[in-house]
Amino acid sequence: MSPIVRNSLAVSAGLVIGSIVNMSIVTVGPMLIPPPEGVDLSDMDKLAGNLLLLKPANFVPPWLAHALGTLTGAFVAAKLAASHQMKLAIVIGVMFLMGGIAMVAKIGGPIWFAALDLIGAYLPMAYIGGRFGSTNKTPMAEGH
């Protein structure tokens, strides 16, 4: 299989598996840490207003979903890649970061959570996933 095809498939697999991890945690999170009485997290029209009613503990599952989804996706991409493992892991991080930015722009939420999420859940986790998944543990040694 050509390295370009294999790398493309690695990124696709990383995005799919990372998204599955993300959505699984987002789905289970409210069962583990229930929202306050009267808050319906399934109603996307009211979600922005409901976010202001949540306690800090309610933001743990979404942050874990974003961080672990990105970590898993980056790991998978790096593990399956034919070359440029770290670069492809970072691509996963950037793609998930773009999704995170879009969600913050769309629904908002507390500034502290948006900052923590956008700064700590995507690119750092992509780097860690890339390190764990790479056969070459020196990121700068990839053709430079």
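Before any of the text, the structure's been laid out above.
Nothing here was measured: the structure is a model prediction, and the numbers come from that model.

**Q** Mind showing me how you'd approach the side chain of T70 here?
**A** As for its position among the elements, T70 is in helix α3 (residues 60-80). The exposure class assigned to T70 is buried, which follows from its relative accessible area of 0%. Apart from the residues within four sequence positions on either side, T70 is in contact with I92, G93, F96, A121, Y122, M125 and A126.

**Q** Please explain the environment of G49 as it appears in this structure.
**A** By secondary structure assignment, the location of G49 is in helix α2 (residues 47-51). On a C-alpha basis, the gap between G49 and V76 in space is 36 Å, while along the polypeptide they are 27 residues apart.

**Q** Sorry if this is basic, but what is going on with the environment of S19 here?
**A** With respect to the helices and strands, S19 occurs in helix α1 (residues 3-32). The spacing of S19 and T72 is 53 residues in sequence and 9.1 Å in space, taken between C-alpha atoms.

**Q** Sorry if this is basic, but what is going on with the side chain of N50 here?
**A** Tracing the backbone through its elements, the reader meets N50 in helix α2. Sequence-distant contacts of N50, defined by excluding residues within four places in its chain, comprise V39 and D40.

Criteria and thresholds
- By convention here, each chain's residues receive numbers from 1 onward along its written sequence.
- Note on the predicted model: pLDDT of at least 70 is required for a residue's local features to be given, and 80 or more for side-chain atom pairs to be given and counted; whole-chain, interface and lining totals, by contrast, use all residues.
- Only hydrogens and water are set aside when side-chain values are computed; all heavy atoms of the structure are taken into account.
- The secondary structure listing takes helices from DSSP runs of H or I that are at least 4 residues long and strands from runs of E that are at least 2 residues long, numbered from the N terminus.
- Only protein chains enter the accessibility calculation, which uses a 1.4 Å probe. A residue is then buried if its area is under 20% of the maximum for its type, exposed if over 50%, and partly exposed in between.
- Contacts between residues were defined by any pair of non-hydrogen atoms, one from each residue, lying within 4.5 Å.

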